[in-house]
Amino acid sequence: MSIGTFTIRALDPLKDAELLHRWVTDPKAAFWMMQDAKLQDVEREYMRIAAHEHHHAYLGLHNGEPAFLMESYDPRYVELVGLYDPEPGDVGMHFLVAPTDRPISGFTRAVITAVMDELFADPRTRRVVVEPDVGNKAVHALNEAVGFVPEREIDKPEKRALLSFCTREQFLSARGVAV
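Positions within a chain are numbered from 1, following the residues in the order the chain's sequence is written. Given that the model is predicted, a residue must reach a pLDDT of at least 70 before its local features are reported, and side-chain atom pairs must reach 80 or more before they are shown or counted; all residues, however, enter totals for whole chains, interfaces and linings. Side-chain descriptors were evaluated using all non-hydrogen atoms of the structure, hydrogens and water having been removed beforehand.

Q: Give a detailed account of unusual backbone geometry, specifying residues and quantitative values.
A: With phi around 50°, Asn63 is a residue other than glycine that occupies positive phi space. Looking at the element boundaries, Asn63 is found in the loop between β2 (55–62) and β3 (65–73). Burial classes follow relative accessibility: with a 1.4 Å probe on protein chains only, a residue under 20% of its type's maximum area counts as buried, one over 50% as exposed, and anything between as partly exposed. Judged by relative accessible area, which is 48%, Asn63 ranks as partly exposed. Backbone geometry at Glu79 places phi at a positive 70°, although glycine is not the residue there. A run of H or I in DSSP counts as a helix once it spans at least four residues, and a run of E counts as a strand once it spans at least two, with each numbered from the N terminus. Note that Glu79 resides in the loop between β3 and β4 (90–97). By relative accessible area, which is 28% here, Glu79 ends up partly exposed.

Structure representation (structure tokens):
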């Protein structure tokens with residue numbers, strides 16, 4: 001059974017700010033750490049990302065409707081500087097699924113798969129790096145389902161995180177594609 005079509009477009013920090021504000025302040029987005037953000041805080045944060053050479057934000061669409069947020073970053077310059085030794089082709093990733101009153105079974109796994117497909121569509125991407133909060137057990141399970149392997153816990157300024165990696169081969173293997 002198909003869940004539908006996913007597309008990804010560049011985020012417009014001003015046009016998309018109200019939508020993002022609803023998403024990041026929703027109780028289900030607690031690990032996004034923006035629960036108390038005002039609309040202007042969200043605009044400012046995504047304007048900062050839009051201006052950053054090594055950090056990018058995208059809006060994910062499901063059947064043409066906004067459904068998730070995706071960020072990619074170069075861990076040599078953003079998020080993980082000094083916390084591990086990056087390898088050529090490493091790309092950092094964050095994603096957030098929009099809150100909904102009509103959940104679809106398997107949707108979040110389909111979203112992370114679409115995000116990983118997008119990242120690995122770039123032939124320069126050799127490995128995706130994530131650093132979710134150690135307490136975010138749901139995302140740890142999702143990460144494992146698409147091929148991530150935890151390496152170790154690290155201390156970031158805002159959280160204790162589980163540093164995990166997924167190579168192209170691990171992702172394809174998790175999807176049942178022969179490598």
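There is more to say, and it comes next.
Q: Please provide a residue-by-residue account of the pairing of strand β6 (residues 149–155), values included.
A: Here the rule is simple: two strands pair whenever DSSP picks up at least two bridges between them. Across 6 bridges, the pairing between β6 and strand β7 (residues 160–167) is antiparallel. Directly across from Val149, in β7, lies its bridge partner Phe165. Between β6 and β7, which follow one another and run antiparallel, lie 4 residues.

Q: How would you sum up the layout of surface pockets? Please name residues and give values.
A: If a probe as big as a water molecule is rolled over the atoms, it shows which places are left empty. Within this model, the largest pocket holds a volume of roughly 1400 Å³. Considering the residues around the largest pocket, the lining is formed by 48 residues, among which Trp32, Phe95, Leu96, Val97 and Ala98 are closest to the centre. Counting only elements with at least two residues in the lining of the largest pocket, the list comes to α2 (39–51), β2, β3, β4, α3 (107–120) and α4 (137–145). The element that contributes the greatest number of residues to the lining of the largest pocket is β4, accounting for 5 residues. The residue inventory of the lining of the largest pocket, partitioned by class, reads 26 nonpolar, 8 polar and 14 charged. Put simply, the second largest pocket is a space of about 370 Å³. Cavity and pocket criteria rest on a 1 Å grid covering protein atoms alone: a 1.4 Å probe that fits but cannot get out defines a cavity, protein on both sides within 12 Å along at least 5 of 7 lines defines an open pocket, and an atom within 4 Å of a point defines a lining residue. What lines the second largest pocket is a set of 15 residues, and nearest its centre among them are Ser72, Val91, Asp122, Arg124 and Thr125. Grid points are joined across faces, edges and corners, and a volume is the space filled by probe spheres set on the points. All residues other than Ala, Val, Leu, Ile, Met, Phe, Trp, Tyr, Cys, Pro, Asp, Glu, Lys and Arg, Gly among them, are scored as polar; the first ten of these are nonpolar and the last four charged.

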